[in-house]
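Descriptive structure summary
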Amino acid sequence: MNLPKASVLFAGSPEAPELSKAEVSRRFDELMAAMSNTPTRRVDAAEVAETLGKGLGFDFTDRPSTPFDVLTKALDAPDMAKAMSPDALASVTNALEALKAETPDLVKDLTTSSPIGTGLVAYDLEAPAKMLVPRPTPLRNRLPRTKGIGLAHQFKVISGFTGSATGGVANIHPGIVDTTQTNFAPSGASNALYYARGPKMSYAGYDKTVAYSQFSVSDAVSWSAQYAGQGYQDIRALSRTSLLYSSMLLEERMLLLGRGTSARNFLGALAAPTGLALTARTAAGSETPITGVSTNIYVKVTADAGDFGQSVLTAAVNVAPSTQVVDVTCNLPAGATGMRVYVSTGSSDPGDAARYYAGRTGYNTFTIQGALPTSGTAASSVTADTSAYTAGYDGILPICTGADSGYNNRLNAALSTSNPGVEWQNAFSAMYDNVKADPDRTLLNGADRKQLSDALKTSSSSNYRMTITQDQVSGVALGDIVNTIYNEVTGKAVSVEVHPWLPQGNIPILSDSLPLPDSEVSNVWEVRNVQDMLGVEWPVNQFAFESSSYWFGALICYAPAWNGALTGVKKV
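The structure contained in this document is the topic of the report that follows. (Residues numbered from 1 in each chain as written. Predicted model: local features only at pLDDT ≥ 70, side-chain atom pairs only at ≥ 80, totals over all residues. Heavy atoms only, no water.)

This next bit is on the overall build of the chain. The number of helices and strands found in the chain is 12 helices and 21 strands. The buried share of the chain, taken over its 572 residues, is 37%. Partitioning the contacts of the chain with sequence separation of at least 6, the portion at a separation of at least 24 is 75%. With the model as given, the accessible surface of the chain reaches about 32,700 Å², and the carbon-plus-sulfur share is 55%. (Helix = DSSP H or I, 4+ residues; strand = E, 2+ residues; numbered from the N terminus. Buried < 20%, exposed > 50% of the residue type's maximum accessible area, 1.4 Å probe, protein only. Contact = heavy atoms within 4.5 Å. Areas by Shrake-Rupley, 256 points an atom, 1.4 Å probe, with all protein chains shown as cover.)

Have a look at this one:
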């Protein structure tokens, strides 16, 4: 059977007059719209079985979408109207309307923030936790680690003999004639003993004892943390890994900055700075005048020892600034990595409990500006020296700035821009004159490395030229880095390296080996351990998994005079 034409299909009956094309199109659009608006509803298998089992049809009326709609529909149900009196039903309806205004969540749809603020949503938690902890240990990675025994490492040093001009031994003239006679009698002999031979040479030397120290770091993981973390991360494994890295990082800082006590033949505690003075002046450039001043400001400072502590406090000095900044200046003791500054304000000194840490500087001047600190670390917490520790040894920077160092120059200024690198050349020259040292590398803080590199670009001389060339793709390479300083005395290339934990303003100059083929010194610096680093898992005797690291040793420098330091470098 042939289907009727569209003009007949949308007409009233087969005998009705044929419709126009416009009318057929209009009726077709109405049909499509009606089909699109057909009520739909998603039902599950249980509802289908229940509805058809009762012989009922499906209800395609709008379903309630909010708690308020559900309650309203329930009140409109015939069974509810029969069960409640008209007054009771009206009372409930009125109460519901009032609650609707007080509790907006009643009229909200189910959204990502309703009915629970955090939403009825899945939590996309990625496992495991990200370990964003810097952990470079360049000194520990580089320095040789040798085996020690006992409680201390001892060695003997011949520091000079006649002709070396070292160790305090004077030179003598070796010329003789046939009649030359030299007294060879033992010291203290009552009779002279003369021989016809050249003068006797002399020696200088000393004993060195470096005491070993024990070190340890510990961690604990509670049972609840371990078991609750199952399925996300192994907390015990994280603890072990973190403990290892923590121990290595702390040893790295000890190798660089540690100070032992004088009672154990180390350099000992830093003295407090001297000559503390305050100068109020007009703010310059990008400086900000001090705010929050009540008549006077009172300042105390300590000598900074780096990561592990500081000296005792100085006495307080004061000044009464107006809308100004205040320069704090002092004389820093040898070995200090800078100074820490504590500030308070008042018509009279409020005491150390109200004097707060304002910052540190790597040289002898600190500028107080902006808002004065009113919280943080108080000077009252500095109750004793923390610059040196009984269970500790002297690190690289203290040795390079100590009494046995080959060169130590506190600049109290920025690096030269008129003659970039001159500070190192002066050090190379002095160290060569003293012991014929020929250093291998120098360590810098990142800011000081940048300052040295920038010195080439801002040099007032025309001895340096930077050429920027365009590559074949696009753009230019911008910037310049100083990675080597040539020793103008010996011609040796001295490596320039950034150490991540070196305090700004301090620049060690190091020799890894000696330019003496028979010195009996294989390594100028080495870590000597009775027991190198190990891990300990303690027996479980409570609701926790506990572990520790342990090592027992010291840093040894066999030739401190072949090393030196530049300190007091102003940050720019």
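Evaluation of the coordinates by the stated rule reveals zero disulfides. Take C557: it sits in no disulfide, and the sulfur closest to it among the cysteines is that of C400, at 7.0 Å. A relative accessible area of 9% places C557 in the buried class. (Disulfide = S-S within 2.5 Å.)

Further remarks concern the pairing of strand β8 (residues 296-304). Among the nine residues that make up β8, nine are buried, leaving the element largely enclosed by the rest of the structure. As paired strands, β8 and strand β9 (residues 317-319) are joined by three bridges and run antiparallel to one another. Paired with V299 across the bridge in β9 is V317. (Pairing = 2+ DSSP bridges.)

Turning our eyes to something else, we now look at the layout of surface pockets. Taken as a whole, the largest pocket spans an internal volume of roughly 820 Å³. If you trace the largest pocket, you find 29 residues lining it, with V157, I158, S159, L516 and W562 closest to the centre. Of all the secondary structure elements, the ones that give two or more residues to the lining of the largest pocket are β2 (152-161) and α11 (422-435). The biggest single contributor to the lining of the largest pocket is β2, with seven residues. Classifying every residue of the lining of the largest pocket by side-chain character gives 15 nonpolar, eight polar and six charged. (1 Å grid on protein atoms, 1.4 Å probe; cavity = no way out; pocket = protein on both sides within 12 Å on 5 of 7 lines; lining within 4 Å. Points joined across faces, edges and corners; volume = space filled by probe spheres on them. Nonpolar A, V, L, I, M, F, W, Y, C, P; charged D, E, K, R; others polar.)

Let us look at empty space enclosed by the protein. With the rule as written, the count across this model stands at two cavities of 30 Å³ or more. Estimates place the volume of the largest cavity at around 50 Å³. Those elements giving two or more residues to the lining of the largest cavity turn out to be α9 (235-257) and β20 (544-557). Among the residues forming the lining of the largest cavity, the class breakdown is two nonpolar, two polar and four charged. When its volume is computed, the second largest cavity comes out at roughly 40 Å³. Together, L257, R259, A305, G335, T337, L397 and P398 line the second largest cavity.

Note on placement: T365 falls in strand β13 (residues 365-368). Take T365: its relative accessible area is 17%, and that puts it in the buried class.

Counting through the fold element by element, A403 comes out in the loop between α10 (396-401) and β14 (407-413). On the basis of relative accessibility, which here comes to 78%, the residue A403 falls in the exposed class. For the pair A403 and P560, spaced 157 residues apart in sequence, the C-alpha to C-alpha distance is 9.2 Å.

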